[in-house]
Amino acid sequence: MLYNFIIYNYKMFFLSYRKIKEIGVGAFSKVFLYRHRISKQNVALKRIKKKNHNEIKHMKIFKGNSRICQLHDTFDQGDYSHLVMHYYPNGELFEPLKHHYYDTPNKVQKLMLELCQIVQQCHRKNIAHLDIKPENFLFDAQMKLVLIDFGMSQYFDDINTLYASTYSLGSETYAAPETEVRLYSAKSDIWSLGIIFQYLCDCLPIIPLEFEEIENKMLQKDILDRVELDTLIQKFKELPFA
């Protein structure tokens, strides 16, 4: 439970919380760890340019969803908006990936099912995340994965429609081909999940044929040929490795 968590302005926040350290830097943001001076409650404070209204608006949609980063409050200071968010203490998915923890088909199947189900929760609210990568999945206190960073997220009406963006979306390694020409779709998230899956498969001693088939469906350049998320989740559930 957060300690008296109502912020009226930035002065109240900085009087109540002490900065511990910087914990993240993005193209358009910085994230800091702050600690309440009395309760010792930790929060993550993200600073973004005021013009990025989507991030705050979209995060509010997922209030109470334990698999999506929780936004507790916001306040403005100068040209910046500040997002006071839940602090997830157990690091990024990137770390166990880097150390090849997911080294069996069973572990890969379970992880990919979990990732796809989290992204599915976004798509059910018509939100495309558009920056899916291991660094944007954090482990909570119970070691369940939580999706963070909605700075590039966009609304969509139809899963198979391409929409125009005024700026580049995604991170280079994981970005779908359509984002290179400033287009996006909900299926752009499936491509990014496919890149994570491809990495996991490449770390296995032997790649199961079933994995190769799914990877191919995820990494189709034409979004109409790219597998839909509900179908993908069903395929991961039906694999024989769990």
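Residues numbered from 1 in each chain as written. Predicted model: local features only at pLDDT ≥ 70, side-chain atom pairs only at ≥ 80, totals over all residues. Heavy atoms only, no water.

Peer 1: Hey, could you run me through the pattern of salt bridges in this one?
Peer 2: Pairs may arise between side chains of opposite charge once their charged atoms sit close together. Following the criterion strictly, the structure yields six salt bridges and no others. A salt bridge links Lys-98 to Glu-95, with the nearest nitrogen and oxygen atoms 3.3 Å apart. Taken together, the residues Lys-98 and Glu-95, both in helix H3 (residues 94-98) and three residues apart, mark about one turn of the helix. According to the relative accessible area criterion, Lys-98 is partly exposed, its value standing at 41%. Across the pair Arg-226 and Glu-178 runs a salt bridge whose closest N-O atoms are separated by 3.0 Å. Placement of Arg-226 in the loop between helix H6 (209-218) and helix H7 (229-238) and of Glu-178 in the loop between strand E10 (163-164) and strand E11 (183-184) is noted, with a sequence separation of 48 residues between them. Grouping residues by exposure puts Arg-226 and Glu-178 together as buried. Through salt bridges that share partners, Lys-46, Glu-55 and Asp-149 make up one connected network. (Salt bridge = Lys/Arg side-chain N within 4 Å of Asp/Glu carboxyl O. Helix = DSSP H or I, 4+ residues; strand = E, 2+ residues; numbered from the N terminus. Buried < 20%, exposed > 50% of the residue type's maximum accessible area, 1.4 Å probe, protein only.)

Peer 1: Quick question: what am I supposed to make of the nonpolar core here?
Peer 2: In summary, soluble globular proteins display a tendency toward joint burial of nonpolar side chains. In terms of nonpolar packing, the biggest core is built from 55 residues, with Met-112, Met-218 and Phe-236 touching the most fellow members. Top element by residues in this core is helix H4 (residues 105-123). It accounts for nine residues. (Core = buried A, V, L, I, M, F, W, Y, C linked by side-chain atoms within 4.5 Å.)

Peer 1: Honestly, the sheet that holds strand E4 (residues 71-77) in this entry has me stumped. Any pointers?
Peer 2: The strands making up a sheet are joined through hydrogen bonds of the backbone, oriented either antiparallel or parallel. Read from one edge of the open sheet, five strands run E1-E2-E3-E5-E4, paired in antiparallel fashion. Single-partner strands in this sheet number two, and they are strand E1 (17-25) and E4. The average undirected angle you get between the axes of adjacent strands in this sheet is 25°. Bridging between strand E2 (residues 29-36) and strand E3 (residues 42-49) involves seven bridges; their strand directions are antiparallel. The residue bridging Arg-35 from the neighbouring strand is Asn-42, located in E3. Contacts from helix H2 (residues 53-61) reach E3, E4 and strand E5 (80-86), with the element oriented near 25° to E5. (Pairing = 2+ DSSP bridges. Axes fitted to C-alpha atoms, helices over the stretch in contact; angles between N-to-C directions. Contact = heavy atoms within 4.5 Å.)

Peer 1: How should I be thinking about the pairing of E3 in this particular structure?
Peer 2: Every regular strand shows the same layout, with side chains that alternate between the two sheet faces. In terms of burial, E3 is a largely internal element, six of the eight residues being buried. Sheet analysis places E3 next to E5, joined by seven bridges and oriented antiparallel. Within E5, the position partnered with Leu-45 by the bridge is Val-84.

Peer 1: What am I meant to see in the packing of H4 against helix H5 (residues 187-202) here?
Peer 2: For any two helices packed against each other, one specifies the crossing angle of their axes together with the interaxial distance. Between H4 and H5, the shortest axis-to-axis distance is 11 Å and the interhelical angle comes to 170°. On the basis of the axis angle, H4 is roughly antiparallel to H5. Here H4 contributes Val-108, Leu-111, Met-112, Leu-115, Cys-116, Val-119 and His-123 to the contact with H5, which in turn contributes Asp-189, Leu-193, Ile-196, Phe-197 and Leu-200. Class assignment of the residues belonging to the contact of H4 with H5 gives a composition of ten nonpolar, one polar and one charged. (Parallel < 35°, antiparallel > 145°, perpendicular 65-115°, else oblique. Nonpolar A, V, L, I, M, F, W, Y, C, P; charged D, E, K, R; others polar.)

These values are about where atoms sit, not about what they do.
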